[in-house]
Amino acid sequence: MDLTLATRPEGDRTVVEVGGEIDVYTAPQLRSALNDAVAAGARHLVVDMSGTEFLDSTGLGVLVGGLKRVRTMDGDLELVCASEKILKVFRITGLTKVFTIHPSIEDALAGSGPA
Amino acid sequence: MSVLPGADDVVLRVGGSPENVRTARLVAAAVARREGLPEDRVDEVRIAVGEAVTWAMHTVTDHVVELVLGPGEEGTGEFVVRVGGGLSPVGGAEEAAVVDPGAADGLALALLRGLADHVTIEGDTTVLTWSDVP
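For the structure given in this document, a descriptive report is provided here. No experiment lies behind these values; they were computed from the predicted model shown.

**Remarks on the pairing of strand E2 (residues 65–71) of chain B**
All names here are of chain B.
- A large share of E2 lies buried, amounting to seven of its seven residues.
- Sheet topology places strand E1 (residues 10–14) next to E2; five bridges connect them, and they run antiparallel. Following the sheet pairing, Leu12 is matched in E2 by Leu67.
- As paired elements, E2 and strand E3 (residues 79–85) share seven bridges and run antiparallel to each other. Looking at E3, one finds that Val68 is bridged to Arg82.

Below is the structure:
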């Protein structure tokens, strides 16, 4: 399955929904989507991986790159992921300490959010 | 990589295009399942093999990656995947795509070590081993 991407505003956040497989082949599309959102003025990104079925190190690299980028603009990038399979990838690489990971999009949007 | 495949081994050779990584993952998962690995370990194989193939695509000189997948030596109860350089592509290496791993190298290695029971890197060949295969 290829990657599907959909970006939408939610209040002062921008949600990027990612479905399918994020790997070395598809990760450049995710990088473009994050770059486009930032170029359009988004600073508080929520990457919703509820529909993501696979994630590799290249995809992780893109997410870390996105986080670094918005942080230089006083923004943030949070994740939505409930899949044990994908959470394991974050745990093994130690990135659970780097990202705020919400179990659902409702939880992510209900959070205290950006000031 | 020069490994003579055993009778139960599966050999796969892919060109250096990143979309072939997914094909390699699918084959690896299928062979792991056939060898009796439970589904959670099949997932480990899927991710680790994808990382090893991605790694090989930018470390082997000809950008053709060869995988040999199958049971380890008889009686060891292992599942072994070797990933390394294959033969040169027709038309020469300059036509092969180059995968840019960017800053992902450290993450890739962390995943390999975290997912396979044993990882060795010999030259351009990565050997991934899963033990206690039922």
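**What about unusual backbone geometry?**
- Here the phi dihedral of Asp74(A) falls at roughly 60 degrees; this positive angle occurs in a residue that is not glycine.
- Along the polypeptide, Asp74(A) turns up in the loop between helix H2 (57–71) and strand E5 (76–80).
- By C-beta crowding, Asp74(A) is classed as exposed, having 10 other C-beta atoms within 10 Å.
- Of note, the phi angle at Asp132(B) is positive, near 55 degrees, even though the residue is not glycine.
- Its place among the elements puts Asp132(B) in the segment after strand E5 (125–130).

**Let's talk about helix H2 (residues 39–59) of chain B**
- The end-to-end C-alpha separation of H2(B) is 30 Å, in line with the 30 Å expected for 21 residues at 1.5 Å each.
- Along H2(B), 16 of the 21 residues are buried, which leaves the element largely enclosed by surrounding structure.

**Thoughts on the sheet that holds E5(B)**
Residue and element names in this part refer to chain B.
- Pairing in this open sheet of five strands is antiparallel, and the strands run E1-E2-E3-E5-E4 from one edge to the other. If you trace the sheet from one side to the other, it starts and ends with E1 and strand E4 (118–122), each paired once. Each neighbouring strand pair of the sheet contributes to a mean axis angle of 15 degrees, computed without reference to strand direction.
- Here E4 pairs with E5 via five bridges, running antiparallel. Note that in E5 the partner of His118 across the bridge is Thr129.
- In this fold helix H1 (residues 19–34) packs onto E1, E2 and E3, with an angle of close to 175 degrees to the strand it touches most, E1.

**Here's the deal with the interface of chain A and chain B**
- At the interface, 13 residues of chain A touch 20 residues of chain B.
- If you list the elements that add at least two residues to the side of chain A that touches chain B, you get H2 and helix H3 (84–92) of chain A.
- At four residues, H2(A) tops the list of elements feeding residues into the side of chain A that touches chain B.
- Here the residues of the side of chain A that touches chain B are counted per class, giving five nonpolar, four polar and four charged.

Procedures and definitions
Residues numbered from 1 in each chain as written. Chains lettered and ligands numbered in written order. Predicted model: local features only at pLDDT ≥ 70, side-chain atom pairs only at ≥ 80, totals over all residues. Buried ≥ 20, exposed ≤ 12 C-beta atoms within 10 Å, placed from the backbone. Helix = DSSP H or I, 4+ residues; strand = E, 2+ residues; numbered from the N terminus. Pairing = 2+ DSSP bridges. Expected span 1.5 Å × (residues − 1). Axes fitted to C-alpha atoms, helices over the stretch in contact; angles between N-to-C directions. Contact = placed C-beta atoms within 7 Å. Nonpolar A, V, L, I, M, F, W, Y, C, P; charged D, E, K, R; others polar.

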